[in-house]
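A structural walkthrough
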Amino acid sequence: QLQLVESGGGLVQPGGSLRLSCAASGFTLDYKAIAWFRQAPGKEREGVSCISSSGRSTNYADSVKGRFTISRDNAKNTVYLQMNSLKPEDTAVYYCAARGYFCSGYVRDFGSWGQGTQVTVSS
């Protein structure tokens, strides 16, 4: 079965950090672009970051630039999202998703999704 599994979410104070992981099973991430999306209650799912299959290209939403970093470790079949200087508005369920070689910020362009991991930023 093709599967993506997110982990690393939790409760963190404003200004804190978390590292999310997206682990693949049933397929290799070597030839896939991987994106992180998030969805807060009452809002549509939005693109957060994406990394191309080669790792040469990365994209970030304006709201997270300078704070979040996406990376990949193909040997571990895992993509990471390092989140620093977290703000309450970062609170959401975070999902990873896979598509072909190149990045996209649109939900409709991704065919494989994880179940999501909750990130809560609160005092």
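What comes next concerns the included structure. (Residues numbered from 1 in each chain as written. Predicted model: local features only at pLDDT ≥ 70, side-chain atom pairs only at ≥ 80, totals over all residues. Heavy atoms only, no water.)

Right, let's talk about the environment of Cys-50 for a bit. Note that Cys-50 resides in strand 5 (residues 46–51). A residue is classified by how much of its surface remains accessible, and Cys-50, at 3% relative accessible area, is buried. Separated by 52 residues in sequence, Cys-50 and Phe-102 place their C-alpha atoms 9.0 Å apart. Apart from residues lying up to four places away in sequence, Cys-50 is in contact with Ala-33, Ile-34, Ala-35, Ser-57, Thr-58, Asn-59, Ile-70, Cys-103 and Ser-104. (Helix = DSSP H or I, 4+ residues; strand = E, 2+ residues; numbered from the N terminus. Buried < 20%, exposed > 50% of the residue type's maximum accessible area, 1.4 Å probe, protein only. Contact = heavy atoms within 4.5 Å.)

The next thing to look at is the sheet that holds strand 3 (residues 18–25). The four strands are arranged 1-3-8-7 in an open sheet whose pairing can be described as antiparallel. What marks the edges here is a single partner per strand, and that holds for strand 1 (3–7) and strand 7 (68–73). Averaged over all pairs of adjacent strands, the angle between strand axes in this sheet comes to 15°, irrespective of strand direction. Pairing of strand 3 with strand 8 (residues 78–83), which is carried by six bridges, proceeds in the antiparallel orientation. Looking at strand 8, one finds that Cys-22 is bridged to Val-79. (Pairing = 2+ DSSP bridges. Axes fitted to C-alpha atoms, helices over the stretch in contact; angles between N-to-C directions.)

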